[in-house]
Protein chains: 2
Amino acid sequence: MYAAAQTSFQQADHVERTQISGPYLVAPYNAGREIYAEGDLIDKCYQVSTGAVSVYRLLPDGRRQVVSFHLPGEMFGFEAGSNHSFFAEAITETKLAVFGRRHMQERSRELLALALTGMARAQQHLLVIGRQCAVERVAAFLIDLCERQGGGRRLRLPMSRQDIADYLGLTTETVSRVVTKLKGRSVIALRDARTIDIVKPDALRALCN
Amino acid sequence: MYAAAQTSFQQADHVERTQISGPYLVAPYNAGREIYAEGDLIDKCYQVSTGAVSVYRLLPDGRRQVVSFHLPGEMFGFEAGSNHSFFAEAITETKLAVFGRRHMQERSRELLALALTGMARAQQHLLVIGRQCAVERVAAFLIDLCERQGGGRRLRLPMSRQDIADYLGLTTETVSRVVTKLKGRSVIALRDARTIDIVKPDALRALCN
DNA sequence: CGATAACTTGAAGGCTATCAAATGTTGTGG
DNA sequence: CCACAACATTTGATAGCCTTCAAGTTATCG
């Protein structure tokens, strides 16, 4: 099990063992590095230690849908069946706690809760993508990300406009235009493209419906 | 437990007990009848015996997103947390096998598999809604439904065009136009609005990308 | 058989995509 | 440290797909 885990992390610079709540590995990933690919065997799951991860799927012609982002503390990598249907990659410099199959079997109760919240997230996201306009989607995204980062007013985006667009079913141009519009209304302010201050939280929330 | 289940089915005409793989109730629902509502306590889960069910969510202004349909043999009703975030209703005359909380606890292993496939379905659907055009969405929907009904060439739609539209993030008019277009290309043929013959399965599959 | 709902079809407009280019940022080698 | 290349983001103009609004046609049910 761990031998298998290690061979697949041969590109990782430093592989260290820790033992906070059971044995696992902590592996570093450079920005853009693939964590697993569609078709890969499912034999571990992951918890983000630092950084951020995107899980996505591709169409033959290159269209991409990001189904989830994962921030520090969040788990991912569990799917139905024995092989992955999605790709996962590190968005930024990232460290992941890696759990083996044995750990997943021992903690199937917690895994159930994770699967249920994963299902809830995806279904909530269906409403956003299926029935909300561009402004509503971006507003919902910013609020969601803000809450998952602790709820402060300053928001750090680990992902690019393209990643956001592929998550929201939009284009980078549209995402950028919406951000500009929200900035114009002073709902948000940008320190730089990846750092957003939420100036009017209530106004932002109102935009989600 | 069963007392609680029974009180909530007082509108059901006939409530019968059966004992195929554990104790449960089989309750009939008229077309359009609500099974549970957003906010309701989660204390049972359901398996479609006959008929069909839709699970959906509403925005304050009435926009609706159907997150899943459930056909005979399929289970639904399990969600994260203690209260429902979604509505469920019978689409047609429907009979449901109802399982209590105790059953859910005893079968948490199977529930995990169900939650994982539910998550997979929702995430797959995200790709369809987020990145595919109207024709691709309808084609994917027809193929999915066809496979879930056994894979024959004749397809019976239990749901209305509005239900389909709310599932695919479109309008009834667009769904209707796409169906007309597919009929014009002889990819499908309609016996009536709810009964579709798949004339060219490969062509239909090709339309999904 | 009439009334109501479901479905289809048509015309026009709006939102977002596409294409294009400017501006800003990041990383690297000299 | 600067220059430059590569990339990310923003902004603009135009086009297309789908929605909206409206009306006609078909099915369903009492």
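This structure is a prediction, so every number in the text was calculated from the model and none was measured.

Q: Describe the packing of aromatic side chains, and please don't skip the residues or the numbers.
A: With the rule as written, the count across this model stands at 15 aromatic pairs over all chains. Over the ring of phenylalanine 86 of chain A we find arginine 57 of chain A; its NZ or CZ atom is 5.5 Å from the centre of that ring.

Q: Hey, could you go over the sheet that holds strand S8 (residues 87–90) of chain A for me, with residue numbers and the actual values?
A: Strand pairing in a sheet takes place through backbone hydrogen bonds and is either antiparallel or parallel in direction. Residues and elements named next belong to chain A. In space, the 4 strands of this open sheet follow the order S3-S8-S5-S6, with antiparallel pairing throughout. Two strands lie at the open edges of the sheet, namely strand S3 (34–36) and strand S6 (64–70), each paired on one side alone. Taking each pair of neighbouring strands and ignoring which way they run, the sheet shows an average axis angle of 30°.

Q: So what's going on with the protein's contact with DNA strand C? Which residues, and what values?
A: If you check the shell around DNA strand C, you find 17 residues, and the closest are Ala134 and Thr174 of chain A together with Arg161, Thr180 and Arg194 of chain B. Those atoms of DNA strand C that come within 4 Å of the protein belong to sugar or phosphate at a rate of 62%. Between threonine 171 of chain A and DNA strand C, the recorded distance is 3.1 Å, taken from a side-chain N or O atom to a phosphate oxygen. If you list the elements that add at least two residues to the surface near DNA strand C, you get helix H6 (172–184) of chain A together with helix H6 (172–184) of chain B. Here the element with the most residues in the surface near DNA strand C is H6 of chain B; it accounts for 4 residues.

Q: How would you explain the relation of the copies chain B and chain A if you had to name every residue and give the values?
A: By a simple turn and slide, chain B fits onto chain A: the slide is 0.0 Å along the axis, the RMSD is 0.0 Å, and the turn is 180°. What the superposition gives is, in effect, a two-fold axis relating one chain to the other. For chain B, the residue whose C-alpha comes nearest the rotation axis is methionine 119 of chain B, separated from it by 2.1 Å. The residues that chain B uses at the interface reappear at the interface of chain A in 100% of cases, marking a shared surface.

Calculation criteria
- Residues numbered from 1 in each chain as written.
- Chains lettered and ligands numbered in written order.
- Predicted model: local features only at pLDDT ≥ 70, side-chain atom pairs only at ≥ 80, totals over all residues.
- Heavy atoms only, no water.
- Phe/Tyr/Trp six-rings, centres within 6.5 Å; stacked < 30°, edge-to-face > 60°.
- Lys NZ or Arg CZ within 6 Å of the ring centre and 35° of its normal.
- Pairing = 2+ DSSP bridges.
- Helix = DSSP H or I, 4+ residues; strand = E, 2+ residues; numbered from the N terminus.
- Axes fitted to C-alpha atoms, helices over the stretch in contact; angles between N-to-C directions.
- Near = heavy atom within 4 Å.
- Polar contact = N/O pair within 3.5 Å; in protein donor to acceptor, adjacent residues only side chain to side chain.
- Least-squares fit on C-alpha atoms with pLDDT ≥ 70 in both.
- Contact = heavy atoms within 4.5 Å.

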